[in-house]
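Results of the structural survey
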Amino acid sequence: MSDLDQLTQSLARNLKRWRKERSLTLDALAARAGVSRGMIIQIEQARTNPSVGTTVKLADALGVSITTLLDYEQGPQVRLVPPDQAVRMWSTSTGSHTTLLVGSEARGPLELWSWTLMPGDGSASDPHPEGTVELLHVTAGVLTLVVDGEEHTLPAGTSAVFEASTTHAYRNDGAEPAEMTMAVSIPPVR
């Protein structure tokens, strides 16, 4: 089974499990996530591999991290994630990519990401649930962070924190690859 097949099967199993645990019908989850009922059915039947944006919307609507949607098998208090088990979530033909390094459900989902944006590439995000906070640290190049339409230039070594319940985007307007580590804290569903 390929990595993509494994990811598709894991997402199908976990989406159905968390939807049922939250007592959500297909229609209720579709309305909450802004994702069509048909798409949710296809995902739960492992007939499609959704975009990162769709996966984020579903995780947010369920109040769980993407890590939880992709791998519910939570281990002991210390859980090591070898490099080959980190999940590549997004990539472009020019070499930009994001990797979900590790996540936790303690006091609400908490995720740690590694990002690489090649020159000219970018990624936009829909608003996350109220109370979601993103922390990032640029390790190489220059990152342009756009929060609610306002641009911020972050050279290597710069860190930032912001409320992610508004539109936001990450861009590399420079000539060298931009790399960052990002943590996302999502409030638990009440």
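Refer to the preceding data block for the structure.
The sections below set out a description of the structure shown in this document. Computed from a predicted model, the values in this text were never measured in an experiment.

Quick look at the environment of Leu-62 now. Inspection of the secondary structure assignment puts Leu-62 in helix H4 (residues 52-62). Sequence separation between Leu-62 and Arg-22 is 40 residues; the distance between their C-alpha atoms is 7.3 Å.

Secondary-structure assignment places Ser-96 in the loop between strand E1 (87-91) and strand E2 (97-104). Of the residues examined, Ser-96 reaches a relative accessible area of 0% and is grouped as buried. A distance of 2.6 Å separates the side chain of Ser-96 from the backbone nitrogen of Met-118, its partner in a polar contact. Here Asp-121 takes part through its side chain, which lies 2.4 Å from a polar atom of the side chain of Ser-96.

This part takes up H4. H4 sits mainly inside the fold: eight of its eleven residues count as buried. For H4, the full list of buried residues reads Thr-54, Thr-55, Val-56, Leu-58, Ala-59, Asp-60, Ala-61 and Leu-62. If you follow the buried residues of H4, they end up packed against helix H1 (3-21), helix H2 (26-33), helix H3 (37-44), helix H5 (66-70) and E1. Gly-63 lies just past H4 and shows a positive phi near 70°.

Mapped onto the fold, His-168 is located in strand E9 (residues 168-171). Residue His-168 is classed as buried on the basis of its relative accessible area of 3%. Separated by 2.8 Å, the side chain of His-168 and the backbone oxygen of Thr-166 make a polar contact.

In a regular helix each residue adds 1.5 Å, so 19 residues correspond to 27 Å; H1 covers 26 Å between its end C-alpha atoms and thus fits that length. Within H1 the residues assigned to the buried category are Thr-8, Ser-10, Leu-11, Ala-12, Asn-14, Leu-15, Trp-18 and Arg-19. If you follow the buried residues of H1, they end up packed against H2, H3, H4 and H5.

Definitions and limits used
- Residues numbered from 1 in each chain as written.
- Predicted model: local features only at pLDDT ≥ 70, side-chain atom pairs only at ≥ 80, totals over all residues.
- Heavy atoms only, no water.
- Helix = DSSP H or I, 4+ residues; strand = E, 2+ residues; numbered from the N terminus.
- Buried < 20%, exposed > 50% of the residue type's maximum accessible area, 1.4 Å probe, protein only.
- Polar contact = N/O pair within 3.5 Å; in protein donor to acceptor, adjacent residues only side chain to side chain.
- Contact = heavy atoms within 4.5 Å.
- Expected span 1.5 Å × (residues − 1).

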